[in-house]
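What follows is the residue order along each chain.
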Amino acid sequence: MLRFVLTRVSLVVPTFIGVTLLAFVLIRLVPGDPIETMAGERGIDPERHARLLREYGLDQPVLVQYGIYIGRVLRGDLGKSIVTSAPVIEEFATLFPATIELALCAVIFALLLGLPAGVVAAVRRNSIFDHGVMTVSLAGYSMPIFWWGLLLILLFSVKLGLTPVSGRIDLLYYIEPVTGFLLVDSLLSDQEGAFFSALSHLVLPAIVLGTVPLAVIARMTRSAMLEVLGEDYIRTARAKGLSPLRVVGLHALRNALIPVVTVIGLQVGVLFTGAILTETIFSWPGVGKWLVESINRRDYPVLQGGILLIGTVVMAVNLVVDVLYGVINPRIRHTR
Amino acid sequence: MTEATLETGPVPASGAPPHPIVEFWRYFRGNPGAVGGLVVILAVLLLAVFADVVAPHSPVVTDQNAFLKPPVWQEGGSWTYPLGTDAIGRDMLSRLIHGARYSLVIGLAVVAISVLLGVVLGLIAGFAGGIVEIAIMRLMDIVLTMPSLLLAIVIVAILGPGLMNAMLAVAIVVLPHYVRLTRAAVLTELARPYVTAARVAGAGTLRLMFRTVLPNCMAPLIVQASLGISTAILDAAALGFLGLGAQPPAPEWGTMLADAREFVLRAWWVVTLPGIMILVTVLAFNLLGDGLRDALDPKLKR
Amino acid sequence: MTRTLLTTISAVAFALAAATAGAKTLVYCSEGSPENFYPAINTTGTSFDANSQVYSRIVDFERGGTQVVPGLAERWDISEDGTVYTFYLRKGVKWHDTQKHFKPTRDLNADDIIFSIERQWKESNPYYKVTSSNHSYFNDMNMPKLLKSVEKVDDYTVRITLNQPEAPFLSDLAMEYAAIISKEYADAMLKAGTPERVDQEPVGTGPFYLVQYQKDAVIRYKAWPKFWGGKAKIDDLVFAITPDASVRWAKLQKGECHVMPYPNPADLDAIRKDPNVQLLEQPGLNVGYIAYNTTKKPFDDKRVRQALNMAINKKAIVDAVFLGSGVPAKNPIPPTIWSYDDSIEDYPYDPERAKKLLAEAGYPNGFETDLWAMPVQRPYNPNARRIAELAQADLAKIGVTAKIVSYEWGEYRKRAQNGEHLMAQLGWTGDNGDPDNFLHTLLGCDSAKSNGSNIAKWCFKPFDDLVVEAKRVSDQAKRAELYKKAQRIFHEEAPWFVIAHSVQYKPVRKEVIDFKLSPFGRHTFYGVDLK
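Since the model is a prediction, treat every value here as computed from it, not as a measurement.

**Re the overall build of chain A**
Then comes step 1: For chain A, the count of helices and strands is 14 helices and zero strands.
Then comes step 2: Secondary structure of chain A in N-to-C order comes out as α-α-α-α-α-α-α-α-α-α-α-α-α-α.
Then comes step 3: Seen along its three principal axes, the alpha-carbon backbone of chain A occupies a region of about 85 × 55 × 40 Å.
Then comes step 4: Sorting the 336 residues of chain A into buried and exposed places 52% on the buried side.
Then comes step 5: As displayed, chain A offers around 15,100 Å² of accessible surface, 68% of which is attributable to carbon and sulfur atoms.

The following block contains the structure:
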C-alpha cells in the first residue's frame, strides 16, 4: 500500500513542476503588466515604470525569475500580491474555505440525488422513471451553468423571494472566522439563526455547481449498476433468496461505487471550473473569482501561487481517489 | 427518405453480415433520443445556412426607437420584433438565428483542430515511445491539471479576446483527451497480429500510422468528437459570458448573455432566450453523441 | 465547572447583544474589496472609500463639495508668490488606540505630517518601500517635482515650500493619498520587525477605526469616540462587499443595507418607485469622449472633426448606453466644476450638414477609419463597445466606415497615448475638482507628446497659453475667465467628440439622515445619522 502511494506521488512531481512553470510563463506572456494595469487611464512615466519593475524583480529573464520563485516556494514563501501587497498564502487561506464549502455542498447535493436516481433507474431499466432520469441528467450535463445560475436567481430570489441573492451570510451576524467554513463557524458562534442564514445562502450556488456532477453521477451510477447487476454473483445472491434490497444495496452498489468514486475524483477539476462561474454569479468570496481577477490585473504572484495551490489540491484529490479505489476494490491494490 | 430506402433495400443474403453503415444506421435509428438530437442539429444547421433568408432583420442593425422591446405576446411587444429587442434595439430573433452560425462553427472548428492535433500527437506518442512519448504525455497531464477554464482565460488573454482565439483556447484545453484516446488505441492496435503482419510486409511507419492503425481506432474518436462538439460550444459560450469570446456585435449566444446580464431584473427575454438556444443545441449534440456511442461501441451492443 | 463557565460566557454575550441592540449600525453595500489600508499606494475609489474612514488629512474637501476646508490643520498661510505654505495644526488630536499591537502615547504632531509626506517622497525614508513604493497619486500630482522642502517649524507648525506656484496645491493635499499616518506607530513596528503591519492594522485619527476586514466579504468599523471633530452619529459602520450591481439593489430593497453605490442603470426605474428608498443623483466629476487624432489625416482638418461631431447621435448613445445615468456633454469639463461654460451650444445631430462639411473638406464619399473601444467598464463609460457600435452605425450613414478596435486595457492606453489610433474612446475622472486637472492634463501641449494623456495629440497654442497661465494665477475669478475662453476654443476646434458625463446615482434608504453625495464619488459616513 505504502509503495503504491509513493509511486503515485513520485509521478506527481514532474507534473507539479510543469504546472507551476506553465502558469509562470503563461501569465507573463499576457500583454501588459501589473503596474501598467494599475495605472489606469492616468498612465505612468516610463522611468518610474522601469524602476517599479526592477523592484518587483520583473525585469529579469523569465527563467531566472522562475528559479528565484521556486526557491522561495520551497521555503514556504509564495510571495505577495502586487495589487494588495498581502501575502498570497494569506489571501488564499481566507478565500479557499468558501470555495471548499461550496464545492463540498455541491458534491453532497449531487450524491444525495444522483446515487439513488442512478440505482433506481438501473433497477427499473427502461421504465418511464429510467428514461426520465436519463433525459433530465443529459439536460443537466448540457447546462450552461452561468445561465442556469442567473435563471435560478431570477426565479427563487427575485420572483419568489425564497433565498437570499448573494453572499455567504446575513451581515447582521458577526462571525469570527475559526475554521473558515461558515456552516461550522456559525454553529460555533452560538448566534440564533446564523446557521440557517449561512445554509440558505448556500442553497442556490450549491445547486448550480452541483448540476453537472449530479448528471454525471446519475448516469455513471446507472451504467455501473447495470453492469454489476448482470454479473454472476448477483444472480447467485438473488437465487440464494436474499432480499432485493440487500442485493442491490449491499452487493451491487458496493461494486458499482468504484467507477462512481473515480468519476467524482475526476470531477474535481470540472468542479473548479464551475466554481469560477458560480462564484462570479453569486458574489461568493472564493478563490475562483480571485484567480480570474488576478489575470485581469496581471497580478503575477497571485495567479502563480493560486494555480500552484489549486494544482496541489487537484493532484491530492486524484491521489486520494486512487487510494480509495484500492480500498474499495482490494483486487486493484494487490495486482499493482 | 433514406430511411425508407434502407428499409426496403435488398435484404442481404442470409449469413452474410450487413454492410457496417447499414448496421450502424439500424442501431442508431432505434434510439429516439439520438434521432431527435439529429433532427434538432439539422434544424440548427438549416437556420445557420439560411440565416440571411430566414431572419426578419439584420442581426447588427440597431433601431433607436425600440430599445428593450418585449416579445410579441407580452404587453408592449409587436410582430415587428417577435422575440423583442436587446439593449440597443436589435432584433432578438434575428440575432438568435444568426447565432446558430457561430455555435456550429465553434463546435466543429474546435473539434476539428483538437482532433487533428490530438490524433497526430497521439500517433506520434504511441509509435515513437520512449522520451518523446513521456514528454507528450506529461505535457498533456500538465494541461489537464490546470483548471481548464482558467487556462482558457489565460490563453485568450495572451492572444487577445476574439472568436478565433477563444476557439483556439478551447481546442488546446480539450486536446489531452484526444491525445490520450489515440495513444491508448494505438497501443492496443500495435499489439495485434495484423499490424505485425503489415510490418513484416514492409509497410513504412507513416503508412502503418495512417492506413493501418488509424482507421481501426476511429470509433472511439468519432464518439469523443461528437460529444466534444457540445463541450466546445459550452466552453466557448462560457468564455463569451466572461467577455472573452466572440466580440460584439457578433451575435454569439454566450456573448449575448454577457451583454444582457445587467438586464436580468428588467428584461427576462434578453437573458433567457440565448441560454435556451445554447442548452437545446448542446443537448442535441449530446443526444447524438450518446446514440453514436451506443451504435459504434460493440461492447454495448447486446 | 464547564457548565458555569458556559453560562457566564453566554451571559456576557447576552449583555453585549443588549448593548449593541441600541447601537446605530449603518451598512454600506460596497462594490469591491479595497487593495489595502495604505491610501498612498491605492488607485481605486473602492480603496479610498475603505481607508478614508480611518484617516484624516491636513486639509479636507467639505462634505458634498470640492471646497477645501480645515482638516488636521486648523488654518494656513500662503506666501505672496504662492510658493510657501505654512500649516498650523490642531492640538489634542488622538490616534486610535484600538489595535492589538500598538498603543499611542502622544497626540498628533508635526513629525507625523512630515513622515507621511516623506514616506512617499524620499527614498531614504525607511518606509519608502514598505508594502509598496508605487505611490501613484503622489507622482501623478507631480509632487516630486513640485516639493522643495517640508519643514517642522515647531510641534504644531509645518512649512511646505514649492519650486513653483501651483494653484491646485491645497486641493492636492485634500486627496486621500495624502492621509496622515502615525510616525510613532511606524517607528514601533520597524523596531518590532513588522513594518507592514502599519498598513494592515491601520491606526489613524479619522472618525472610525477598523475592527475587521475579510477579503471579498466584509469590513467592519466602529466610531472613534475621541475623534477630533466629535464622535460620529452612528456607532457601527459595516461595508458589505457585493460586486454585482443587481444584487446590491436587491439587498438594499430588502433592507440588508442602507446605502449602495453604482446601481445598475437598468434598475433605476424600479429604484425610483420604491417608497423606502431615496435616489440621490449628481453629475459626476468625469467626462467620456472620443478623441480624434489631430495629427493624422483626415482628422488634421477641423472640418472633418466638426462633421463627425454632427454625424454621431449623442442622445441615442446616452439613452441606450448610459440608460439615463449620463448627461450629454458639450464641454471637456463636467458642469459641477467651477468655470464650466454653459453658454456654449453643442453641435447638433445633423447628418446632412455633416455630409456637406465632409464634402467641403474633400471627402464627399467619406473615408475609412478605426474606432477604438476600451475593453473595460469605466465610471465615465459604462460600455465602450456598445458606444462604438452605435457610432459605427451613425458614421456609416455619412459614408464613413469605422472599424471597431480594442486592445488589452494597459496596452490600449499605451497605444492611444502614442497616438496609434484615428479615433479612440477614453475618459477621465477628476482628482481634485480643479479645472486644471481636466483642461491642462488632457488637452495641454505638455501632454500631447508621445506617452501623454492628451490622446487627441492636440497642441493648439492659443488654447495652451490660456490653461498654462491659469495654473500660475491664484485668483479664482480670473482663472475661471481663462478657462471659459479655453472652452470656447475647444468647442470650435473640436478635438474630441465629447460623449457624456456619467451621473452618479446613490440609492439610499429613507432611514438614513444627511448622507451627502461627494462630487468625487466618494462615500463619507461621518456626519450621517440613522432614524
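Back to the text.
**Here's the deal with the overall build of chain B**
Then comes step 1: Scanning chain B from terminus to terminus reveals 13 helices and zero strands.
Then comes step 2: Of the regular secondary structure in chain B, the N- to C-terminal order runs α-α-α-α-α-α-α-α-α-α-α-α-α.
Then comes step 3: For chain B, the residues scored as buried account for 49% of the 302 residues in total.
Then comes step 4: For chain B, long-range pairs separated by at least 24 residues make up 69% of all intrachain contacts whose partners lie at least 6 apart in sequence.
Then comes step 5: Accessible surface, chain B: about 13,500 Å² in total, of which carbon and sulfur atoms supply 68%.
Then comes step 6: Side-chain charges in chain B split into 19 positive and 18 negative, and the spacing between the mean points of these groups amounts to 10 Å.

**Here's the deal with the sheet that holds strand E4 (residues 73–78) of chain C**
Residues and elements named next belong to chain C.
Then comes step 1: Read across the open sheet, the four strands follow the order E4-E5-E7-E6; overall the sheet is antiparallel. Single-partner strands in this sheet number two, and they are E4 and strand E6 (147–154). Looking at each pair of strands side by side, their axes are set apart by 20 degrees on average, direction ignored.
Then comes step 2: As paired elements, E6 and strand E7 (residues 157–162) share six bridges and run antiparallel to each other. Following the sheet pairing, Leu147 is matched in E7 by Leu162.

**Side note on the environment of Ala470(C)**
All names here are of chain C.
Then comes step 1: Tracing the chain through its elements places Ala470 in helix H17 (residues 461–472).
Then comes step 2: Here Ala470 falls in the buried class, since its relative accessible area comes to 0%.
Then comes step 3: Spatially, the C-alpha atoms of Ala470 and Cys445 are 14 Å apart, while their sequence positions differ by 25 residues.

**Points about the interface of chain B and chain A**
Then comes step 1: Counting residues at the interface gives 36 residues for chain B and 39 residues for chain A.
Then comes step 2: Here chain B packs against chain A, burying approximately 3,400 Å² in sum over the two surfaces, 82% of which is carbon and sulfur.
Then comes step 3: Linking chain B with chain A are one salt bridge.
Then comes step 4: Ionic pairing is found between Asp290(B) and Arg219(A), a salt bridge with its closest N-O pair at 2.5 Å.
Then comes step 5: The interface formed by chain B and chain A contains seven residue pairs in polar contact (both at pLDDT 80 or more).
Then comes step 6: Counting residues per element, the ones that place at least two in the side of chain B that touches chain A are helix H6 (130–145), helix H7 (148–159), helix H11 (218–241) and helix H13 (268–296) of chain B.
Then comes step 7: Element by element, the count of residues in the side of chain B that touches chain A is highest for H13(B), at 13 residues.
Then comes step 8: Across the side of chain B that touches chain A, the residue classes break down as 26 nonpolar, five polar and five charged.

**Brief notes about the pattern of salt bridges**
Then comes step 1: Per the stated rule, a full pass over the model turns up 53 salt bridges over all chains.
Then comes step 2: Where Lys302(C) meets Glu492(C), a salt bridge forms, and the shortest distance between an N and an O atom there is 3.0 Å. Of this pair, Lys302(C) sits in helix H11 (residues 302–311) while Glu492(C) sits in helix H18 (residues 476–493), placing them 190 residues apart in sequence.
Then comes step 3: Here Lys302(C) falls in the partly exposed class, since its relative accessible area comes to 28%.
Then comes step 4: On the basis of relative accessibility, which here comes to 39%, the residue Glu492(C) falls in the partly exposed class.
Then comes step 5: For Asp436(C), the salt bridge identified is with Lys471(C), shortest N-O distance 3.2 Å. Note that Asp436(C) is positioned in helix H16 (residues 436–443) and Lys471(C) in helix H17, a separation of 35 residues in sequence.
Then comes step 6: Taken together, the shared-partner salt bridges connect Asp86(B), Arg90(B), Arg95(B) and Glu389(C) into one network.

**Digging into the packing of H16(C) against H17(C)**
Residue and element names in this part refer to chain C.
Then comes step 1: Their axes nearest at 10 Å, the elements H16 and H17 cross at an angle of 135 degrees. Between H16 and H17, the crossing angle belongs to the class labelled oblique. Along this stretch, H16 crosses H17, giving a crossing that reads as left-handed. Contacts from Asp436, Leu439, His440 and Leu443 in H16 reach Phe463, Val467, Val468 and Lys471 in H17.
Then comes step 2: Tallied by class, residues from the contact of H16 with H17 come to five nonpolar, one polar and two charged.

**Quick look at the sheet that holds strand E1 (residues 25–30) of chain C**
Residues and elements named next belong to chain C.
Then comes step 1: Strand order across the open sheet formed by four strands is E1-E10-E9-E8, with mixed pairing between neighbours. Strands with a single pairing partner mark the edges of an open sheet, and in this sheet they are E1 and strand E8 (208–214). Strand-to-strand, the axes of this sheet are offset by a mean angle of 20 degrees, without reference to chain direction.

**Side note on unusual backbone geometry**
A negative phi angle characterises most non-glycine residues, just as the trans form characterises most peptide bonds.
Then comes step 1: The step from Lys297(C) to Pro298(C) runs through a cis peptide bond, and the omega angle for that step is -5 degrees.
Then comes step 2: Along the polypeptide, Pro298(C) turns up in the loop between strand E12 (286–292) and H11.
Then comes step 3: The backbone of Ser85(A) sits at a positive phi, close to 65 degrees, despite the residue not being glycine.
Then comes step 4: With respect to the helices, strands and loops of the structure, Ser85(A) is situated in the loop between helix H4 (62–74) and helix H5 (88–123).

**Here we look at the interface of chain C and chain B**
Then comes step 1: Taken together, the 18 residues of chain C in the interface contact 16 residues of chain B.
Then comes step 2: Taking both partners together, chain C and chain B bury about 1,500 Å²; carbon and sulfur atoms supply 51% of that area.
Then comes step 3: On the chain C side of the interface with chain B, the three residues burying the most area are Ala266(C), Arg386(C) and Glu389(C), jointly 34% of the side's total.
Then comes step 4: Our count for the chain C to chain B interface comes out at three salt bridges.
Then comes step 5: The partner of Arg261(B) in a salt bridge is Asp244(C), with the nearest N and O atoms 2.7 Å apart.
Then comes step 6: Counting across the interface, chain C meets chain B through three residue pairs in polar contact (both at pLDDT 80 or more).
Then comes step 7: Where the side of chain C that touches chain B is concerned, the elements lending two or more residues are helix H9 (245–253), helix H12 (314–322) and helix H14 (384–396) of chain C.
Then comes step 8: Broken down by element, the side of chain C that touches chain B gets its largest block of residues, five residues, from H14(C).
Then comes step 9: A breakdown of the residues in the side of chain C that touches chain B according to their chemical character gives seven nonpolar, four polar and seven charged.

Thresholds applied
- Residues numbered from 1 in each chain as written.
- Chains lettered and ligands numbered in written order.
- Predicted model: local features only at pLDDT ≥ 70, side-chain atom pairs only at ≥ 80, totals over all residues.
- Heavy atoms only, no water.
- Helix = DSSP H or I, 4+ residues; strand = E, 2+ residues; numbered from the N terminus.
- Buried < 20%, exposed > 50% of the residue type's maximum accessible area, 1.4 Å probe, protein only.
- Areas by Shrake-Rupley, 256 points an atom, 1.4 Å probe, with all protein chains shown as cover.
- Contact = heavy atoms within 4.5 Å.
- Lys, Arg positive; Asp, Glu negative; His and termini not counted.
- Charge placed at Lys NZ, Arg CZ, Asp CG, Glu CD.
- Pairing = 2+ DSSP bridges.
- Axes fitted to C-alpha atoms, helices over the stretch in contact; angles between N-to-C directions.
- Buried area = accessible area lost by both parts, 1.4 Å probe.
- Salt bridge = Lys/Arg side-chain N within 4 Å of Asp/Glu carboxyl O.
- Polar contact = N/O pair within 3.5 Å; in protein donor to acceptor, adjacent residues only side chain to side chain.
- Nonpolar A, V, L, I, M, F, W, Y, C, P; charged D, E, K, R; others polar.
- Parallel < 35°, antiparallel > 145°, perpendicular 65-115°, else oblique.
- Left-handed = near helix turned anticlockwise from the far one by under 90°.

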